[in-house]
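So the chains spell out like this:
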Amino acid sequence: MGPTSPQDLYLPPRTALGPLLSLGTSPGTPPLGLLPLLVPTSPPEAPPCPGSHVRVSPCAVELQSPLFAPGDAMLPWRVSRWAMQLSLQVACPPGALVAGKSGAGARSPSMLVPWPPSLRGSSSLPTGAPEVALTAERYPVQRLPFSEVTEEDLAAFEHMLPGRVITDPEVLAAVNVDWLRSVRGCSRVLLRPRTTEEVSRILRHCHQRNLAVSPQGGNTGMVGGSVPVFDEIILSTALMNRILSFHDVSGTLVCQAGCVLEQLGRHVEERGFIMPLDLGAKGSCHIGGNVATNAGGLRFLRYGSLRGTVLGLEVVLADGSVLSGLSSLRKDNTGYDLKQLFIGSEGTLGVVTAVSIACVPRPQAVNVAFLGLMPGHAGCPGFQEVLQTFRFCKAQLGEILSAFEFLDAECMQLVGRHLGLSCPVRGSPFYVLVETAGSSVAHDSEKLTAFLEQALSSGLLTDGTVATEQRRVQALWALRERITEALSRDGYVYKYDLSLPLEQLYHLVPDLRARLGPRARHVVGYGHLGLDSA
Amino acid sequence: MAELRALVAVKRVIDFAVKIRVKPDKTGVVTDGVKHSMNPFCEIAVEEAVRLKEKKLVKEVVAVSCGPTQCQETIRTALAMGADRGIHVEVPAAEADRLGPLQVARVLAKLAEKEKVDLVLLGKQAIDDDCNQTGQMTAGLLDWPQGTFASQLTVEGDKLKVEREIDGGLETLRLKLPAVVTTDLRLNEPRYATLPNIMKAKKKKIEVIKAGDLGVDLTSKISVVSVEDPPQRTAGVKVETTEDLVAKLKEIGRI
């Protein structure tokens, strides 16, 4: 599943870089064709420029990218936080990228890149697949007057990190492209420090020499934010993967920023805890990257945002100075809470080098229920039932509710067709996956069974199934987690992560279906419902 | 003809996704607080039985399990998948550890006769002990024909056509009923138990009996001496040239 915060709707200006345009769509093709549809009043030739404010009408929903222009401070706009994430994906038949109204003439061949990307975690490029064009060539971005890397710089880096200064074009080719293969930079240097001290030395040197730097973690982001725009030096946290300490009473984990999330998960699970966040990309993403992007994920509903669970950070600023805030205190009101600035700053204010995070006790009992909902009557057929089920869940399951995901019938068809995953329940317009996690098997099963019995008898559900065994639980989650994969096998995908008020959440999908007509093969909506942490 | 009755044996095992830990005293593996579920091959057996019932070839499906009280959960799962009723052969936890294929086979043989079933379905093996003996022993004790590693099952009147997966490919047998069949992976894909069935399963009957009631002696002539972790894999050694390789192999006495 993709990143889940509204920040993913934009790419803010990075450390020492100019503003970057993006509508946060992934893949990053500026939807020139889509724009005329979405913005009927703007001139068709105008490419989306920084500061564009995209309006979707006639629904009363606004997709807002943060307005910023060179020199402006970022104004992150968030639509009502207490809402849900709707992932809207539009799959077009390959090659059917719509042209601007001005005519197809200006269309560059690089925009017709068809793909499915390979399975998450692996980054092998299918042989013969056309490469995405360089960001510098594809978008009207300007390289600000930073220095260029010279032999002296390389020698200096080699002195600081012997053997870990990489200029091999093959290795660089991989780190210059994001996971979705939607944007490509042209960096020529990759640095792999092992310690905070090394990061500090690197940044001090770059600051003195006016060299641009692009920090990179697992490179699993879906908004093109993890790779350079031009030839910035890539600073990778790949070798900063030591776990520094774990306190097994408080559950406080202190580790370097390059630790892979799954690895951390396993480490704390052996000690009876779990990480407070979980993403589809856990096999590859780094905790430093999660913090820098304020990642949400599957456990967001239950454990809340990283803003609540991160206890302290160690950050190296652009001039090389180290801000050491690795407190492990659960409550610390001394001074300003500077770590909140860095969480979600996406590498623009400093490089996160170590994280102190509060882990939570591992739930003894995890149950997953997969439900098919009754078709509704008015408005969006069936979606009201999703909201009703959600309200019902919250009321009945209360504190043991740990995830609530929904997907529409088209999603189910697609995972069935492309991935061979069979639907465990009778066909319905909407499906809901409910997960409970608690400390008592008996208590949770009782609550869940009571909830299901009531939901069934009140006519909310057409069908449902429950799973407690790992294998079944994983199989049910796969139906939800692999939707992106299925879509990418269907055609070229435009993916939008949107936070919207509950009531308007799904209106977008039928509206877009109507607007796009046969140009879009499928328009699907899926996502999570929930309130911001308690 | 829907006169056939089927007995399906299911085993409660440690969930296959769980990391197994050996007890420090080496008498077995840790089972306390560990997630258990129905043996995957047993699920396939239940699914097959239920499908036969849906095709109206079998009239009644009885699910049976031997072990401590928690086995009833496993039987309930079978009932939720479509079995009609369950039999729990209660064996206290301490003794249950020593239950082997022969003991279970004796129980199943007695039950098959008592319940007058025509077909006994089991998974080919359990994922905890990998014995792959219970089905065969049951058939032996009953003196019934057996079709093991079944990947396809067809009822033809009073005979059973069983396609078996063997090393060389597929072998097709025709067995006269009553018979014993053990299921292999490719026989079917077990269904998810849906809510209405889970609710119905709560009302289905599970009879609790003891091995003694069947006149079966559960003593085993086998005792477990020790259970140990497999040896840790040691790191390999890299060599630069073929000469080095030969020298190294000679050094460790392999050539």
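The coordinates are above.
Note that the structure is a prediction, hence the values are computed from the model and not measured.

Student: Just to check I follow, could you spell out the overall build of chain A for this structure?
Tutor: In terms of helices and strands, chain A carries 16 helices and 20 strands. Within chain A, the fraction of its 534 residues that count as buried is 55%. A sequence separation of at least 24 residues applies to 75% of the contacts in chain A between residues at least 6 apart. Per element, the accessible surface of chain A, about 21,700 Å² overall, is 56% carbon and sulfur.

Student: Where do I start with helix α14 (residues 470-481) of chain A in this structure?
Tutor: One turn of the α-helix equals 3.6 residues, which is why residues spaced by three or four share an orientation. Over its 12 residues, α14 of chain A extends 15 Å from the first C-alpha to the last, a length consistent with the 16 Å expected when each residue adds 1.5 Å. Residues of α14 of chain A that are buried: Arg472, Val473, Leu476, Trp477, Ala478, Leu479 and Arg480 of chain A.

Student: Looking at this structure, how should I read the packing of helix α2 (residues 71-81) of chain B against helix α6 (residues 195-203) of chain B?
Tutor: For any two helices packed against each other, the geometry is given by the interaxial angle and the distance between the axes. Residues and elements named next belong to chain B. The interhelical angle for the contact between α2 and α6, taken along N-to-C directions, is 125 degrees, at an axis separation of 8 Å. With respect to their mutual orientation, α2 and α6 come out oblique. Crossing hand, α2 versus α6: right-handed. Counted together, Arg76, Leu79 and Ala80 of α2 and Asn197, Ile198, Ala201 and Lys202 of α6 form the full contact between these two elements. Residue composition of the contact of α2 with α6, by class: four nonpolar, one polar and two charged.

Student: Explain the sheet that holds strand β5 (residues 190-191) of chain A to me, please; I cannot follow it from the model alone.
Tutor: Pairing between sheet strands relies on hydrogen bonds along the backbone, with the strands arranged either parallel or antiparallel. Residue and element names in this part refer to chain A. The strand order β4-β5-β7-β6 describes an open sheet built from four strands, whose pairing is mixed. The outermost strands of the open sheet, each flanked by one partner alone, are β4 (165-166) and β6 (213-216). Of the strands in this sheet, β5, β6 and β7 (233-236) touch helix α5 (residues 196-209), which is tilted by about 165 degrees from β7.

Student: Would you mind showing me how to read the interface of chain A and chain B here?
Tutor: For an interface, size is often stated in terms of accessible area lost upon the parts coming together. Contacts between the two partners involve 19 residues from chain A and, on the opposite side, 19 residues from chain B. Carbon and sulfur atoms make up 56% of the surface buried where chain A meets chain B, a total of about 1,700 Å² over both sides. Ranking the residues of chain A by area buried against chain B places Glu469, Arg471 and Arg472 of chain A at the top, with a combined share of 34%. Remark: the boundary between chain A and chain B carries three salt bridges. Between Arg471 of chain A and Glu43 of chain B there is a salt bridge; the shortest N-O distance is 3.6 Å.

Student: Looking at this model, I keep getting lost on the pattern of salt bridges. Mind explaining?
Tutor: Once the charged atoms of two side chains with opposite charge are near each other, the side chains can pair. All names here are of chain A. This model, assessed by the stated rule, comprises 36 salt bridges over all chains. For Arg209, the salt bridge identified is with Asp153, shortest N-O distance 2.6 Å. Taken together, the residues span a long stretch of sequence, with Arg209 in helix α5 and Asp153 in helix α3 (residues 151-160) at a distance of 56 residues. Residue Arg209 is classed as partly exposed on the basis of its relative accessible area of 28%. Residue Asp337 is joined to Lys339 by a salt bridge in which the shortest nitrogen-to-oxygen separation is 3.0 Å.

Student: Teacher, can you tell me more about the packing of aromatic side chains here?
Tutor: One pair of aromatic rings is described through two measures. These are the centre distance and the angle between the planes. Applying the stated criterion across every chain yields a total of eight aromatic pairs over all chains. Through successive ring pairs, a cluster of aromatic residues spans Phe383, Phe406, Phe430 and Tyr506 of chain A. Seen from the ring of Tyr192 of chain B, Arg472 of chain A lies directly overhead, with NZ or CZ sitting 4.9 Å from the centre.

Student: What's the story with unusual backbone geometry in this structure? I'm lost.
Tutor: The omega angle of the peptide bond from Leu177 of chain B to Pro178 of chain B is 0 degrees, so this bond is cis rather than trans. Position of Pro178 of chain B relative to the elements: it lies in the loop between β9 (169-176) and β10 (179-183). Of note in this structure, Glu346 of chain A is not a glycine but carries a positive phi near 55 degrees. Summarising the element assignment, Glu346 of chain A is placed in the loop between α10 (339-342) and β13 (351-358).

Student: Is there a simple way to explain the sheet that holds strand β8 (residues 159-166) of chain B in this structure?
Tutor: All names here are of chain B. Here nine strands make up an open sheet; going across it, the order is β9-β8-β7-β10-β6-β1-β4-β5-β11 and the pairing mixed. Two strands in the sheet have a free side with no partner beyond their single neighbour: β9 and β11 (206-210). Going across the sheet, the axis of each strand differs from the next one's by a mean of 30 degrees, ignoring polarity.

Student: What is the right way to look at the state of the cysteines in this model?
Tutor: One way to say it: the disulfide is the covalent bond shared by the sulfur atoms of two cysteines. In total, this model carries zero disulfides over all chains according to the counting rule given. Looking at the unpaired Cys359 of chain A, the closest cysteine sulfur is the one in Cys255 of chain A, lying at 8.4 Å. Of the residues examined, Cys359 of chain A reaches a relative accessible area of 6% and is grouped as buried. Unpaired in terms of disulfides, Cys66 of chain B finds its nearest cysteine sulfur in Cys71 of chain B, a separation of 7.6 Å.

Student: Quick question: what am I supposed to make of a nonpolar patch on the surface here?
Tutor: Taken together, the side chains of Leu323, Tyr336, Leu338, Leu341 and Leu349 of chain A present a nonpolar region at the surface, about 530 Å² in accessible area. For Leu341 of chain A, the location among the structural elements is in helix α10.

Student: Looking at this structure, I do not really get the packing of α3 of chain A against α5 of chain A. What am I missing?
Tutor: Residues and elements named next belong to chain A. Viewed as axis vectors pointing N to C, α3 and α5 meet at an angle of 165 degrees, and their least axial separation amounts to 10 Å. Comparing their axes, α5 and α3 come out roughly antiparallel. Between α3 and α5 the crossing geometry is right-handed. For the pair α3 and α5, the contacting residues are Asp153, Ala156, Phe157 and Met160 in the first and Glu198, Arg201, Ile202, His205, Cys206 and Arg209 in the second.

Quick notes on the rules
Residues numbered from 1 in each chain as written. Chains lettered and ligands numbered in written order. Predicted model: local features only at pLDDT ≥ 70, side-chain atom pairs only at ≥ 80, totals over all residues. Heavy atoms only, no water. Helix = DSSP H or I, 4+ residues; strand = E, 2+ residues; numbered from the N terminus. Buried < 20%, exposed > 50% of the residue type's maximum accessible area, 1.4 Å probe, protein only. Contact = heavy atoms within 4.5 Å. Areas by Shrake-Rupley, 256 points an atom, 1.4 Å probe, with all protein chains shown as cover. Expected span 1.5 Å × (residues − 1). Axes fitted to C-alpha atoms, helices over the stretch in contact; angles between N-to-C directions. Parallel < 35°, antiparallel > 145°, perpendicular 65-115°, else oblique. Left-handed = near helix turned anticlockwise from the far one by under 90°. Nonpolar A, V, L, I, M, F, W, Y, C, P; charged D, E, K, R; others polar. Pairing = 2+ DSSP bridges. Buried area = accessible area lost by both parts, 1.4 Å probe. Salt bridge = Lys/Arg side-chain N within 4 Å of Asp/Glu carboxyl O. Phe/Tyr/Trp six-rings, centres within 6.5 Å; stacked < 30°, edge-to-face > 60°. Lys NZ or Arg CZ within 6 Å of the ring centre and 35° of its normal. Disulfide = S-S within 2.5 Å. Patch = residues over 30% accessible without salt bridge, like charges linked within 9 Å, V, L, I, M, F, W, Y side chains within 5 Å.

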